[in-house]
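Report on the structure
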Amino acid sequence: EQMVYYNDMLIVSAPGKTQGHFEKAGAVYVYKLTNGYYKQVQKISLPMVFPNTLFGASIIQHDSQIWIGALLDTKGNYGVLYPYKHDGKEWVSNGNPIVCPQTNDGSSFGQKTYYYNEQLWVGMPDASVDSSLNVGKMFIYPFAPAMNLVNNTQDSSLVAFSKEEHLTQQTINQSKTT
C-alpha cells in the first residue's frame, strides 16, 4: 500500500483489494479534505478487472499527474504503470500505460518508482542482469511537460545496480553520460 498527497487529496492504494469475485485485483481510493475530514470522492480501478493484477502496487505523483502500478495488465503483461491526470474534478486515464520492456522478467517492474529531474524512474528490483540474478534494473523515461505525459520509449540510459548499492548523484550523472 502506498499514499501520495495532491491539492488536499490523499490518494491511497489498496493492491490486495478484492473486486467482486476477483481476489487481489486492487484499487486506488481518493480522499478529499472537506471541513477538516477526509471523505472518499473517487475509486480508481482498471476498466476490466482480473484476479492478482495488484492494481495500486505503486503510485507516483508529479503535479497533476499520477502513475499507478500493477503487477499484471488485462493482457497478461507483467509490470505496468497506468497514467492518470487530474482534470480539476477527478483523476482520468491519460494515455497508454507503460509496459515492462522485458516480457519474460517483468514481475517487479514498477514496484519502485521515483520522479526526478523531469524523468520517471521505474525500478525492477528483482530483475536479472546478464548472469547475475536479482540484482535489479532501473528504467528511465523522459517526461514531456508540454504534453503532460511520459514518452513510452525506453530511455537509452539503463542503470543496473545491486541491492547492496545505493544510487547516488554521481551514479545518476554517470548513467546520463554512458
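Preceding this section is the structure that the text describes.
To keep things clear, this report deals only with the structure shown in the data block. Please read all numbers here as calculations on a predicted model, not as lab measurements. (Residues numbered from 1 in each chain as written. Predicted model: local features only at pLDDT ≥ 70, side-chain atom pairs only at ≥ 80, totals over all residues. Heavy atoms only, no water.)

1. Points about the overall build of the chain
Counting its regular elements, the chain contains one helix and 14 strands. Within the span of the chain, comprising 178 residues, buried residues form 42% of the whole. Look at the contacts in the chain between residues 6 or more apart in sequence, and 38% of them connect residues 24 or more apart. Accessible area for the chain stands at about 9800 Å²; split by element, carbon and sulfur atoms hold 50% of it. (Helix = DSSP H or I, 4+ residues; strand = E, 2+ residues; numbered from the N terminus. Buried < 20%, exposed > 50% of the residue type's maximum accessible area, 1.4 Å probe, protein only. Contact = heavy atoms within 4.5 Å. Areas by Shrake-Rupley, 256 points an atom, 1.4 Å probe, with all protein chains shown as cover.)

2. Digging into the nonpolar core
With 17 residues, the main nonpolar core has I11, I44, F55, Y84 and W91 as its most contacted residues. Of all the secondary-structure elements, those providing two or more residues to this core are β1 (3-6), β2 (9-14), β3 (27-34), β6 (65-72) and β7 (78-86). Setting aside residues up to four positions removed in sequence, I44 forms contacts with A27, V28, V30, F55, I66, I68, Y84 and W91. Membership of the second largest hydrophobic core comes to 13 residues, among which are I60, I98, F139 and Y141. (Core = buried A, V, L, I, M, F, W, Y, C linked by side-chain atoms within 4.5 Å.)

3. So, unusual backbone geometry
Even without a glycine there, the phi angle at N7 is positive, about 45 degrees. Structurally, the position occupied by N7 is in the loop between β1 and β2. Not every positive phi belongs to a glycine, and K24 is a case in point at roughly 55 degrees. Among the structural elements, K24 can be located in the loop between β2 and β3.

4. Quick word on the sheet that holds β2
Read from one edge of the open sheet, four strands run β1-β2-β3-β4, paired in antiparallel fashion. Looking at which strands have only one partner, the edges of the open sheet turn out to be β1 and β4 (37-44). Going across the sheet, the axis of each strand differs from the next one's by a mean of 25 degrees, ignoring polarity. Inspection of the sheet shows β3 paired to β4 by seven bridges, in the antiparallel sense. Bridging across to β4, L33 finds its partner in Y38. (Pairing = 2+ DSSP bridges. Axes fitted to C-alpha atoms, helices over the stretch in contact; angles between N-to-C directions.)

5. Considerations on the side chain of S58
When you line up the elements, S58 lands in strand β5 (residues 58-62). Overall, the relative accessible area of 1% leaves S58 in the buried class. Those residues in contact with S58 that sit more than four places away from it in its chain are Q2, W67, I68, G69, L81, G110, Q111 and T113.

6. Some details on the environment of I59
Residue placement: I59 occurs in strand β5. Taking C-alpha positions, I59 is 9.4 Å from Y82, a pair spaced 23 residues apart along the chain. The contacts of I59, once residues within four sequence positions are left out, are Q2, V4, I11, V12, S13, V28, W67 and T113.

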